[in-house]
Amino acid sequence: MSENQVVPTEGRVAPAPVMPPVGDPLDPERPVVTMRELLGAGVHFGHQTKRWNPKMRPYIYGARNGIHIVDLQQTLPLFIVAYRKVVETVANGGVALFVGTKKQAQDVIREEAERCGMFHVTNRWLGGTLTNFRTVRASIEKLKSIESTLQNEGEKLIKKERLRLERQAQKLTRNLGGIKDMPGLPGVLVTVDPRKERIAVAEANKLGIKVIAITDTNCDPDVVDYVVPGNDDAIRAIRLFAARLADACVVGKKLGRERAIVAKERESRDDSSTEIRVASGGDGPKVEVVSRRGATRPEPEAVAAPEDKS
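Our subject in this report is the structure included herewith.

Rules behind the numbers
- Per-chain numbering applies: the sequence of each chain, read as written, is numbered from 1 onward.
- Selection of residues for local features in this predicted model requires a pLDDT of at least 70, selection of side-chain atom pairs for listing and counting requires 80 or more, and totals for whole chains, interfaces and linings are taken over all residues.
- Each side-chain value is worked out from all heavy atoms of the structure, with water and hydrogens disregarded.
- By the convention used here, strands pair only if DSSP detects at least 2 bridges between them.
- Helix and strand labels come from DSSP, where a helix needs a run of H or I of at least four residues and a strand needs a run of E of at least two; each type is numbered from the N terminus.
- Here an axis means a line fitted to C-alpha atoms, over the contact stretch when the element is a helix, while the angle between two N-to-C directions is reported on a 0 to 180 degree scale.
- Accessible area is worked out with a 1.4 Å probe on protein chains only. A residue is then buried under 20% of its type maximum, exposed over 50%, and partly exposed in between.
- Whether two residues are in contact is decided by their heavy atoms: any pair within 4.5 Å suffices.
- By convention in this document, the label disulfide applies to cysteine sulfur atom pairs within 2.5 Å.
- The term salt bridge refers to a side-chain nitrogen of Lys or Arg lying within 4 Å of a carboxyl oxygen of Asp or Glu.

### Considerations on the pairing of strand β3 (residues 60–64)
Part 1: Here β3 pairs with strand β4 (residues 67–70) via four bridges, running antiparallel. In the sheet register, G62 faces β4, and the bridge partner there is I69.
Part 2: In this structure, the hairpin formed by β3 and β4 is closed by a connection of two residues, where N65 is found at a positive phi of approximately 55 degrees.

Below, the structure is given as structure tokens:
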């Protein structure tokens, strides 16, 4: 047997993924991601066979040169399911928090999160960022206060005081700058390596926040709600994953705006489809709110006819 031949994993019991519609919700002709893109980004390369988590067995196709090969036939539909989850969350008014503190993911996660107008943590995950968000928000308010002081009164401060405030602002920005404007807890947490970001994933699980993650062959898929099996070390794979989910945020925002417009128009139609009638009778005037939709108005004399007193 050749050393380069892929050997399928013995005893692999793979779940049968249901292939969802592959198109974008707003552009069905444009696929979310293609098999060619996954292969080109190297998503199928896993970790060394000796560094694996047996729970990832269903998502592994085989091994080659001591490296596990991820089954992209499962990655593709699971990627699309994760994409649609982000779209629906953002369309319903939620926000996504991108987390990537490993060196090769920091710049990519920051760029894509800022491109789609979402929030990110790329330097270091502070314990309690989600579970103790009230305290974290106090630190964020302190950062905003320092920035306001430097902007409005920076020239009036002595040099030593200004440098002290600048150092404080830099330290807080490094850890909290990506979530400075986050209004509350996110609706979904997107991360690259759930093993590296285990504290963030644990906090999200505790609060019931859905977790979407590239899950490599050395990770535990049980802690991730939406598993996307694949390479979490290659920059191209990380960029493909982050870029597509950032696109999902953009699509979700647009879908949310369209839904808001439709709801507003429906509400205005409902308001204009009612009328108030005042009918006189023996017991005094009667006020009635009647819908115009699907109803025929009675004859005026039948509405306003007084009761016979004789």
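### Structural notes on the sheet that holds strand β6 (residues 119–121)
Part 1: Taken in spatial order, the five strands line up as β6-β5-β7-β8-β9 in an open sheet, and their pairing is parallel. Here the strands that pair on one side only, and so sit at the sheet edges, are β6 and β9 (226–229). When the angles between neighbouring strand axes are averaged without regard to direction, this sheet yields 20 degrees.
Part 2: Here strand β7 (residues 188–191) pairs with strand β8 (residues 210–215) via four bridges, running parallel. In the sheet register, V190 faces β8, and the bridge partner there is I212.

### Let's talk about helix α3 (residues 103–115)
Part 1: Buried within α3 are the following residues: A105, V108, I109, E112 and A113.
Part 2: Positive backbone phi, approximately 75 degrees, marks G117, located one or two places after α3.

### Regarding the environment of P194
Part 1: By the secondary structure assignment, P194 is in the loop between β7 and α6 (198–207).
Part 2: Distance in space between the C-alpha atoms of P194 and D216 is 8.8 Å, their sequence separation being 22 residues.
Part 3: Setting aside its immediate chain neighbours within four residues, P194 contacts V201, A213, I214, T215, C219 and V224.

### Some thoughts on the state of the cysteines
Part 1: Within the structure shown, the criterion is met by zero disulfides.
Part 2: Looking at C116, it has no disulfide partner, and the nearest cysteine sulfur is the one in C249, 4.1 Å off.
Part 3: You can call C116 buried: its relative accessible area is 3%.
Part 4: With a relative accessible area of 0%, C249 lands in the buried category.

### Comments concerning the pattern of salt bridges
Where charged atoms from two side chains of opposite charge come close, those side chains can pair.
Part 1: According to the stated counting rule, one finds 14 salt bridges in the structure shown.
Part 2: As a salt-bridge pair, D193 and K102 come within 3.2 Å of each other at their nearest N and O atoms. Of the two residues, D193 is situated in the loop between β7 and α6 and K102 in the loop between β5 (96–99) and α3; the sequence distance between them amounts to 91 residues.
Part 3: The salt bridge partner of D247 is R115, with a shortest N-O separation of 3.0 Å. With D247 in helix α7 (residues 235–272) and R115 in helix α3, the pair connects residues that are 132 residues apart, well separated along the chain.

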